[in-house]
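Each chain, written out:
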Amino acid sequence: TGKSIVKIAGRRYLYLPKLGYIKTSKTGVLKDVKIKRYTVSLEPTGKYYLSIQAEVKAPQKFKKTGKQVGIDVGVADLAILSNGLKYPAFEASYFEKQSRIWQSKYSRRRHLAYLLCEQDKHQKVLNLRSLESFSNWQRARKLKASYQKKVANKRKDYLHKLTTHLVRQYDVIAIEDLKVKNLQKNHCLAKAIANASWSMFRQMLEYKCERYGKELIAVNPKNTSRICSKCGFNSGAKPLEIREWTCPNCQAHHDRDINAAVNILYKAMPNGQELAVVNS
Ligand SMILES: [Zn+2]
């Protein structure tokens, strides 16, 4: 960490005290900003990262569109909108698979190295090998870390694009307060990933709405998947595998997620029901 004397030294170069010139493609985004601090860190992938804290001029607000939307979040589709649009969850199956493969190789090799070290100790070998001296598991550790990082970066990038798009499109965005929804802890990987994505999704919506002059409303998720968005009839809980249903009161046919998203929007808008019925 250092006090800022980082300078843009050329079109593709930054100058850092002690380290000298480094090549980067990011000099464009650093134009017109005041660099306050910087930190150089070594990642488990063996790569160095430079993070910069900078002062930026207040961003331009996005244009008003006059549109409101309710958003329900899910596992297969990350975001389901009250207007029927669905945005799929992020897929990085190749990198995820590689990351799982190297995770298990890493665990196995590390365990083997540990056993050999123990054996050395037991046999009172003169030159004890250390865990670190087994390059095979060190290699697996680096590869595992780099695939995990890749997946995380790609997911984050996808969420950034999606949330910026949404904040640009709508003036008011209503979501469920997931802290209230509080999903029970479970060991299912897909759900765990979805959980992490949802909280990142919300955080991004929060600060982007604030930054670009839009409004985010978090509503209590109670009954949003039970109530018919046409007539307001509560037909009770439905098992998760039921993706579509028909309201026993008004016979409206609903997509489970879209209906929930519409209800989320109604909860966020005073007199929302009238407003939406007029629109539809
Ligand atoms: Zn109904």
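Residues numbered from 1 in each chain as written. Predicted model: local features only at pLDDT ≥ 70, side-chain atom pairs only at ≥ 80, totals over all residues. Heavy atoms only, no water.

A few words on the sheet that holds strand 4 (residues 20-23). On the basis of which strands lie adjacent, the open sheet formed by three strands has the order 2-3-4 and antiparallel pairing. The open sheet has two edge strands with one neighbour each: strand 2 (7-10) and strand 4. Between one strand and the next, the sheet's axes are offset by a mean angle of 40°, whatever the strand orientation. Direction of pairing for strand 2 relative to strand 3 (residues 13-16): antiparallel, over a ladder of three bridges. What sits directly across from glycine 10, in strand 3, is tyrosine 13. (Pairing = 2+ DSSP bridges. Helix = DSSP H or I, 4+ residues; strand = E, 2+ residues; numbered from the N terminus. Axes fitted to C-alpha atoms, helices over the stretch in contact; angles between N-to-C directions.)

Evaluation of the coordinates by the stated rule reveals 11 salt bridges. The closest approach of N and O atoms between glutamate 206 and arginine 202, which form a salt bridge, is 2.8 Å. Separated by four residues within a single helix, glutamate 206 and arginine 202 lie in helix 4 (residues 189-212), roughly one turn from each other. A salt bridge links arginine 243 to aspartate 257; the shortest N-O distance between them is 2.7 Å. With arginine 243 in the loop between strand 11 (215-219) and strand 12 (244-246) and aspartate 257 in helix 5 (residues 256-268), the pair connects residues that are 14 residues apart, well separated along the chain. Take arginine 243: its relative accessible area is 39%, and that puts it in the partly exposed class. Judged by its relative accessible area of 12%, aspartate 257 is buried. (Salt bridge = Lys/Arg side-chain N within 4 Å of Asp/Glu carboxyl O. Buried < 20%, exposed > 50% of the residue type's maximum accessible area, 1.4 Å probe, protein only.)

Let's shift gears to a nonpolar patch on the surface. Taken together, Leu19, Val40, Leu42 and Tyr48 make up a surface patch of nonpolar side chains, about 450 Å² in accessible area. Within the secondary structure, leucine 42 is located in strand 5 (residues 34-42). (Patch = residues over 30% accessible without salt bridge, like charges linked within 9 Å, V, L, I, M, F, W, Y side chains within 5 Å. Areas by Shrake-Rupley, 256 points an atom, 1.4 Å probe, with all protein chains shown as cover.)

Time to look at the sheet that holds strand 9 (residues 86-88). Within a beta sheet, neighbouring strands are joined by backbone hydrogen bonds and run either parallel or antiparallel to one another. Spatial ordering of the open sheet is given by 9-8-7-10-11, a layout of five strands whose pairing is mixed. Taken across any chain shown, the strands that pair with only one partner, and hence form the sheet edges, are strand 9 and strand 11. Strand-to-strand twist across the sheet, computed as the mean angle between neighbouring axes with direction ignored, equals 20°. Two elements, strand 7 (residues 68-73) and strand 10 (residues 172-176), share four bridges in a ladder whose sense is parallel. Bridge assignment links valine 69 to a residue of strand 10, and that residue is isoleucine 173.

Take the domain arrangement of the protein next. Here the protein is partitioned into domain 1 (2-55) and domain 2 (68-279). A C-alpha centroid distance of 32 Å is found between domain 1 and domain 2. Facing five residues of domain 1, the contacting portion of domain 2 comprises five residues. When domain 1 packs against domain 2, close to 410 Å² is buried across both sides, 61% of that on carbon and sulfur atoms. Our count for the contact surface shared by domain 1 and domain 2 stands at one salt bridge. Here lysine 149 makes a salt bridge to glutamate 43, at a shortest N to O gap of 3.1 Å. (Domains from an automatic or database assignment. Contact = heavy atoms within 4.5 Å. Buried area = accessible area lost by both parts, 1.4 Å probe.)

For lysine 208, the location among the structural elements is in helix 4. There is no salt bridge for the buried lysine 208, and the closest opposite charge comes from aspartate 157, which lies 8.9 Å off by N-O distance. Within the local environment of lysine 208, its side chain forms a polar contact with the side chain of histidine 160, the two groups lying 3.0 Å apart. Sequence-distant contacts of lysine 208, defined by excluding residues within four places in its chain, comprise His160, Thr163, Thr164 and Val167. (Lys, Arg positive; Asp, Glu negative; His and termini not counted. Polar contact = N/O pair within 3.5 Å; in protein donor to acceptor, adjacent residues only side chain to side chain.)

With that out of the way, let us pick up the layout of surface pockets. Reported here for the largest pocket is a volume of approximately 900 Å³. Together, 17 residues line the largest pocket, and Lys26, Val29, Leu30, Leu50 and Ile52 are the ones closest to its centre. Of all the secondary-structure elements, those providing two or more residues to the lining of the largest pocket are strand 4, strand 6 (48-55) and helix 4. Ranked by the residues each element gives to the lining of the largest pocket, the list is headed by strand 6, at four residues. (1 Å grid on protein atoms, 1.4 Å probe; cavity = no way out; pocket = protein on both sides within 12 Å on 5 of 7 lines; lining within 4 Å. Points joined across faces, edges and corners; volume = space filled by probe spheres on them.)

The subject of this paragraph is the environment of threonine 39. You can see threonine 39 is positioned in strand 5. Considering only alpha carbons, one finds threonine 39 and glutamine 251, 212 residues apart in sequence, at a separation of 60 Å.

Over the atoms rolls a probe the size of a water molecule, and in doing so it shows where empty space is left. What the rule picks out here adds up to two cavities of 30 Å³ or more. If you add up the space inside the largest cavity, you get close to 60 Å³. Contributing to the lining of the largest cavity are Ile71, Asp72, Val73, Ile175, Glu176, Leu178, Trp198, Phe201 and Arg202. Looking at the lining of the largest cavity, the elements that each hand over two or more residues are strand 7, strand 10 and helix 4. When its residues are assigned to classes, the lining of the largest cavity shows six nonpolar, no polar and three charged. (Nonpolar A, V, L, I, M, F, W, Y, C, P; charged D, E, K, R; others polar.)

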